[in-house]
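Residue-level structural notes
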Amino acid sequence: MSMIFPYPVMTLGLFVMWIALAGATPGHAILALIVSTGSALTLKALGERSTRVKRVGSIVTLARVVFIDILRSNYDVARLILFGKRLNRKSGFMTVPIRLQNPSSLAVLSIVLTSTPGTAWLDYNAAQGTLIIHVFDLKDESHWLDLISNRYERLLLEIFE
């Protein structure tokens, strides 16, 4: 069975997501099965190893933290866009040192940073262990360093490494 479905959770997740987004018709079910199975077989052919989660409870904590941060960031960005001339806004790039090594933890961090309004993941340098991000409102770099290191990176280290 693992020959056909090398990543059963991912295959099932892709299948369910496809059906949820496109609708539960026989044609979409066949297409979802082909795409989800093909994706899993492609990952297996590329030699991708399955990631082990070390602390499942930290996933809930990370999801809660990210949800709250996205809500706050939406409010802050909307306020800056609507009243930006009255507020001093300085956007910019910054380099953030990170300890993450696991590709899955790096992928989750990139998703978190890019999905949070006002920030964007631009580059990761594995040799130096740094990433470059763009921040829409970069008043205090130490705030962003603390946010990434103590809120996101700490939890991702607990989950994956």
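All of these numbers come straight from a predicted model, not from anything done at the bench. Every chain begins its residue count from 1, and numbering advances along the sequence as written. With pLDDT at 70 or above as the cut-off, local features in this predicted model cover only qualifying residues; side-chain atom pairs require 80 or more to be listed or tallied, and sums for whole chains, interfaces and linings still use all residues. Side-chain descriptors were evaluated using all non-hydrogen atoms of the structure, hydrogens and water having been removed beforehand.

What about the packing of helix H4 (residues 103–115) against helix H5 (residues 141–160)?
Think of two packed helices as two axes; the pair is described by the angle between the axes and how far apart they sit. Axis lines are fitted through C-alpha atoms, for helices just across the contact stretch, and the angle between N-to-C directions can take any value from 0 to 180 degrees. Numbering of helices and strands runs from the N terminus, with a helix taken as a DSSP run of H or I at least four residues long and a strand as a DSSP run of E at least two residues long. As a packed pair, H4 and H5 sit with axes 10 Å apart at the nearest point and diverge in direction by 145°. Along this stretch, H4 crosses H5, giving a crossing that reads as right-handed. Contact residues: Ser104, Ser105, Val108, Leu109, Val112 and Leu113 in H4; Ile148, Tyr152, Leu156 and Phe160 in H5. Classifying every residue of the contact of H4 with H5 by side-chain character gives eight nonpolar, two polar and no charged. Left-handed is the label given to a crossing in which the near helix is rotated counterclockwise from the far helix by less than a right angle, and right-handed is the label when the rotation is clockwise. Contact definition: two residues touch when any of their heavy atoms are within 4.5 Å. Three classes are used, and their members are as follows: Ala, Val, Leu, Ile, Met, Phe, Trp, Tyr, Cys and Pro are nonpolar, Asp, Glu, Lys and Arg are charged, and the others, Gly among them, are polar.

Quick notes on the pairing of strand S2 (residues 119–125)
Pairing between strands is defined by DSSP: at least two bridges between the two strands are required. Bridge count between S2 and strand S3 (residues 130–135): six bridges; the pairing is antiparallel. Across the sheet, the residue bridging to tryptophan 121 is isoleucine 133, located in S3. The antiparallel pairing of S2 with S3 creates a hairpin that spans four residues between the two strands, and glycine 129 there sits at a positive phi of about 70°.

Quick word on the packing of aromatic side chains
Centres within 6.5 Å make a pair out of two Phe, Tyr or Trp rings, where for Trp the six-membered ring is used; the pair is then stacked when the planes are under 30 degrees apart, edge-to-face when over 60, and tilted otherwise. Evaluation of the coordinates by the stated rule reveals one aromatic pair. Ring centres of tryptophan 121 and tyrosine 124 lie 6.3 Å apart, and the angle between their planes is 35°; this geometry places the pair in the tilted category.

Quick notes on the sheet that holds strand S1 (residues 92–97)
The three strands lie next to each other as S1-S3-S2, forming an open sheet whose pairing is antiparallel. Because the sheet does not close on itself, it has two edges, and the strands there are S1 and S2. The average undirected angle you get between the axes of adjacent strands in this sheet is 25°. The sheet strands contacting H4 are S2 and S3, and the helix crosses S2 at an angle near 150°. H5 contacts S1, S2 and S3 of the sheet and is inclined by roughly 45° relative to S1.

What to know about the nonpolar core
Ranked by size, the top nonpolar core spans 25 residues in total, and within it Leu109, Leu113, Leu131, Ile133 and Tyr152 carry the most contacts. Elements with a minimum of two residues in this core: helix H3 (57–83), S1, H4, S3 and H5. Residue contacts for tyrosine 152: discarding those within four places in its chain leaves Leu62, Val65, Val66, Asp69, Leu109, Val112, Leu113 and Leu147. Among buried residues, the Ala, Val, Leu, Ile, Met, Phe, Trp, Tyr and Cys ones that are joined through side-chain atoms within 4.5 Å form a nonpolar core. For every residue, the accessible area obtained with a 1.4 Å probe (protein chains only) is divided by the maximum for its type, and the residue is called buried under 20%, exposed over 50%, and partly exposed between those limits.

So, the pattern of salt bridges
Every case where a carboxyl oxygen of Asp or Glu lies within 4 Å of a side-chain nitrogen of Lys or Arg is listed as a salt bridge. By the definition in use, this model includes five salt bridges. For the salt bridge of aspartate 69 with arginine 72, the shortest nitrogen-to-oxygen distance reads 3.9 Å. With aspartate 69 and arginine 72 both in helix H3, this residue pair falls three residues apart, about one helical turn. Among the residues examined, aspartate 69 registers a relative accessible area of 9% and is labelled buried. Taking the shortest distance from any N to any O, the salt bridge between arginine 154 and glutamate 158 comes out at 3.3 Å. Within this pair, arginine 154 and its partner glutamate 158 are both found in helix H5, separated by four residues, close to a single helical turn. Taken together, the shared-partner salt bridges in this structure form one network comprising Arg55, Arg154 and Glu158.

Things to note about the side chain of aspartate 69
We define a polar contact as two N or O atoms separated by no more than 3.5 Å, with the added condition that, inside protein, one atom must be a possible hydrogen donor and the other a possible acceptor, whereas residues neighbouring each other in sequence contribute only through side-chain atom pairs. At 2.8 Å, the side chain of aspartate 69 forms a polar contact with the side chain of arginine 151. Apart from the residues within four sequence positions on either side, aspartate 69 is in contact with Thr116, Leu147, Arg151 and Tyr152.

Focus on the pairing of S1
Every second residue of S1 is oriented toward a common face, the buried set being Gly92, Met94 and Val96 and the non-buried set Phe93, Thr95 and Pro97. Strand direction decides the pairing type here: S1 and S3, joined by six bridges, are antiparallel. Note on S3: the bridge partner recorded for phenylalanine 93 is histidine 134.

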